[in-house]
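# Observations on the model geometry
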Amino acid sequence: MTPSRPATVASNGWRGVTHYLPPRRALNSRGREGGVTCRAAKDASMGHKRVLLLAHGKKAEKPEFNEAYAWLEKDGHAIDMIKTGSPEDMSKGVKKMVTHFDDYDILIAAGGDGTVNQVVNELVDQDAPRETCLAVLPLGTANDFATSLTIHDDNLVQAMQTAVYGVSKPVDVASANGKAFLNMATGGFGTEAAKKTDSDLKDKVGGAAYAITGLTRVTELASKHAKARAPHTSHDSAAEWQRQESGKEGGVDQWEGDLLVLAVGNAQQAGGGMKMCPEAKIDDGLLDVTYVQNLAPDKVPELLQVVALGGKQQDDLSESIKTMRVPWLEVECSEKLSINCDGEPLNDQKYRFEIQKHRIRLMVPPTAHELFEDSKDLEDKMRQKEQEVDAQAPAKAVEMLENLGM
């Protein structure tokens, strides 16, 4: 079999990044092209990973990103990086992953929630295999999805370590009118705040900018009359839903009222840390829905406090904030409703939200166990890590005493 030839110059201009021209391939047992004998494949057999890194062009200029990239390179992983400056670049990058699926172990999306959203949509649109393994390197403003996974933007080296050495878990992918999202789709008040948040404010205070903007625009709030359909289920607002029909999708209930806020979550938080769907699990095949109805404008600050605390609401808000968990949801408004799907704006009168169970795989740290229904393996790793720390404690104490001359 002919080995791959290293390109003499990295096309992205990054020193130390080697691109390999594809070798001849043979079909493997899954019918896909395989048999790669390049350095990347050999490295993977030694525990090193073959990484396709899609990095948002501007955000990849951060010193913290350079530090994380340097660690990845020093650790011996085979890196193929594409700095993206447009959706077309992102599409080409994902196409490379899908076309040469057996050449890579991990696809890393380095950017904000919008970058992750673009990658996920391309994976779905290009019919990527369910075994595709995605990792997230948070370089955005809010990084809501990464934060839900306990992957933090203040330690990108650690985030990169999770990308290559974390736990690979199957996760669901949700959609709104066919547009995929991993985290959450929000409509109404939260969406308007996100649209009108000043970029300079985001640079200065990060995700908190969304809540600040929301508080300063309370007087602009307006409900929209809406109708909704969902499968018959047990939830805290069931009494307000009317049994409508029984068809191919089973029992269907309908609700009608004035809608102020809508959050459809695959994960738990959006808008710079607001836990709109605090009980959502990203692997259960269900959408967590939170909606707010009939709320007076002077109650909005209290609402913001509630969602910031993860849904621990006061009694006087219980009649306005409702939740449910369903495999699909349809919403029709009297006028167009702006929806934000992980940074992707939609503006339609009718929406259908759906879920694809275990559509891709995701690299996560053990500390992300609260976001998973099937979390035993993550919890086991957490306990193992705690035991390792406890076992190392006596030796570290002796070393500290020796350093003090005792």
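Residues numbered from 1 in each chain as written. Predicted model: local features only at pLDDT ≥ 70, side-chain atom pairs only at ≥ 80, totals over all residues. Heavy atoms only, no water.

### Regarding the overall build of the chain
Regarding its fold elements, the chain presents eleven helices and 16 strands. In the chain, the proportion of contacts linking residues at least 24 apart, taken out of those at least 6 apart, comes to 72%. (Helix = DSSP H or I, 4+ residues; strand = E, 2+ residues; numbered from the N terminus. Contact = heavy atoms within 4.5 Å.)

### Regarding the pattern of salt bridges
Pairs can form between side chains of opposite charge once their charged atoms are near each other. Under the defined criterion, the tally for this structure stands at ten salt bridges. Lys96 serves as the salt-bridge partner of Asp80, at 2.8 Å between the closest nitrogen and oxygen. Placement of the pair is Asp80 in strand 4 (residues 78-84) and Lys96 in helix 3 (residues 87-99), with a sequence separation of 16 residues. Notably, a salt bridge pairs Arg383 with Asp380, separated by 2.4 Å at the nearest N-O pair. Of this pair, Arg383 and Asp380 both sit in helix 11 (residues 376-403), three residues apart, roughly one helical turn. Its relative accessible area of 43% is what places Arg383 among the partly exposed residues. (Salt bridge = Lys/Arg side-chain N within 4 Å of Asp/Glu carboxyl O. Buried < 20%, exposed > 50% of the residue type's maximum accessible area, 1.4 Å probe, protein only.)

### Section: the packing of aromatic side chains
By the definition in use, this model includes four aromatic pairs. The interplanar angle of 85 degrees and the centroid separation of 6.2 Å between the aromatic rings of Trp71 and Tyr165 together place this pair among those described as edge-to-face. Remark: Tyr165 occurs in helix 6 (residues 156-165) and Trp71 occurs in helix 2 (residues 63-74); sequence separation between them is 94 residues. Look at Tyr165 and you get partly exposed, because its relative accessible area is 45%. Taking the centre distance of 5.9 Å and the plane angle of 20 degrees together, the rings of Tyr351 and Phe353 count as stacked. Over the ring of Trp328 we find Arg352; its NZ or CZ atom is 4.6 Å from the centre of that ring. (Phe/Tyr/Trp six-rings, centres within 6.5 Å; stacked < 30°, edge-to-face > 60°. Lys NZ or Arg CZ within 6 Å of the ring centre and 35° of its normal.)

### Details of unusual backbone geometry
Phi is positive for Asp127, close to 55 degrees, though the residue is something other than glycine. Here Thr150, not a glycine, exhibits a phi torsion of approximately 60 degrees, which is positive. Tracing the sequence through the fold places Thr150 in the loop between helix 5 (144-148) and helix 6.

### As for the nonpolar core
In globular proteins that are soluble, nonpolar side chains generally tend to be buried together. Formed by 59 residues in total, the largest nonpolar core has its most connected members in Phe65, Ile108, Val119, Leu134, Phe145, Leu149 and Phe372. Examining the composition of this core, we find that six residues originate from one element, helix 6, more than from any other. Excluding residues that lie within four positions of it along the chain, Leu134 makes contacts with Leu107, Ala109, Val119, Val120, Leu182, Ile360, Arg361, Leu362 and Met363. (Core = buried A, V, L, I, M, F, W, Y, C linked by side-chain atoms within 4.5 Å.)

### Some thoughts on helix 2
The terminal C-alpha atoms of helix 2 lie 16 Å apart, and with twelve residues this matches the ideal 16 Å at 1.5 Å per residue to within 8%. Along helix 2, the residues that are buried comprise Phe65, Ala68, Tyr69, Trp71 and Leu72. One face of helix 2 carries all of its buried residues, which in axial projection span an arc of 155 degrees. Counted as exposed and oriented over 90 degrees from the buried face of helix 2: Pro63, Glu67 and Lys74. (Expected span 1.5 Å × (residues − 1). Arc of directions from axis to C-beta.)

### A short note on the side chain of His77
When you line up the elements, His77 lands in the loop between helix 2 and strand 4. Given the relative accessible area of 4%, His77 is considered buried. Within polar-contact distance, the side chain of His77 engages the side chain of Tyr165 at 3.4 Å. With residues up to four places along the chain from it excluded, the contact list for His77 reads Gly47, His48, Lys49, Trp71, Leu72, Val164 and Tyr165. (Polar contact = N/O pair within 3.5 Å; in protein donor to acceptor, adjacent residues only side chain to side chain.)

### Regarding the confidence of the model for the chain
As a general rule, the predicted coordinates of low-pLDDT regions are not to be interpreted in detail. Taken over all residues, the pLDDT of the chain has a mean of 78, while the share at 70 or more is 70%. Segment residues 193-198 is flagged for pLDDT under 50; beyond a separation of four residues in sequence, or across chains, it makes 13 contacts in the model. The low-confidence segment residues 200-219, where pLDDT is below 50, has 34 contacts with residues more than four positions distant or belonging to other chains. (pLDDT = per-residue confidence, 0-100.)

### Some thoughts on a negative patch on the surface
On the surface, a cluster of negative charge is contributed by Glu64, Glu67, Asp153 and Asp154. Counting through the fold element by element, Glu67 comes out in helix 2. (Patch = residues over 30% accessible without salt bridge, like charges linked within 9 Å, V, L, I, M, F, W, Y side chains within 5 Å. Areas by Shrake-Rupley, 256 points an atom, 1.4 Å probe, with all protein chains shown as cover. Lys, Arg positive; Asp, Glu negative; His and termini not counted. Charge placed at Lys NZ, Arg CZ, Asp CG, Glu CD.)

### A look at the packing of helix 3 against helix 4 (residues 113-125)
Packed helices, taken two at a time, are described by their axes: the angle between them and the distance between them. Their axes nearest at 9 Å, the elements helix 3 and helix 4 cross at an angle of 50 degrees. Accordingly, the angle class assigned to the pair helix 3 and helix 4 is oblique. Relative to helix 4, helix 3 is oriented so that their crossing is right-handed. The segment helix 3 lies against helix 4, with Pro87, Met90, Ser91 and Val94 engaging Thr115, Gln118, Val119, Glu122 and Leu123. (Axes fitted to C-alpha atoms, helices over the stretch in contact; angles between N-to-C directions. Parallel < 35°, antiparallel > 145°, perpendicular 65-115°, else oblique. Left-handed = near helix turned anticlockwise from the far one by under 90°.)

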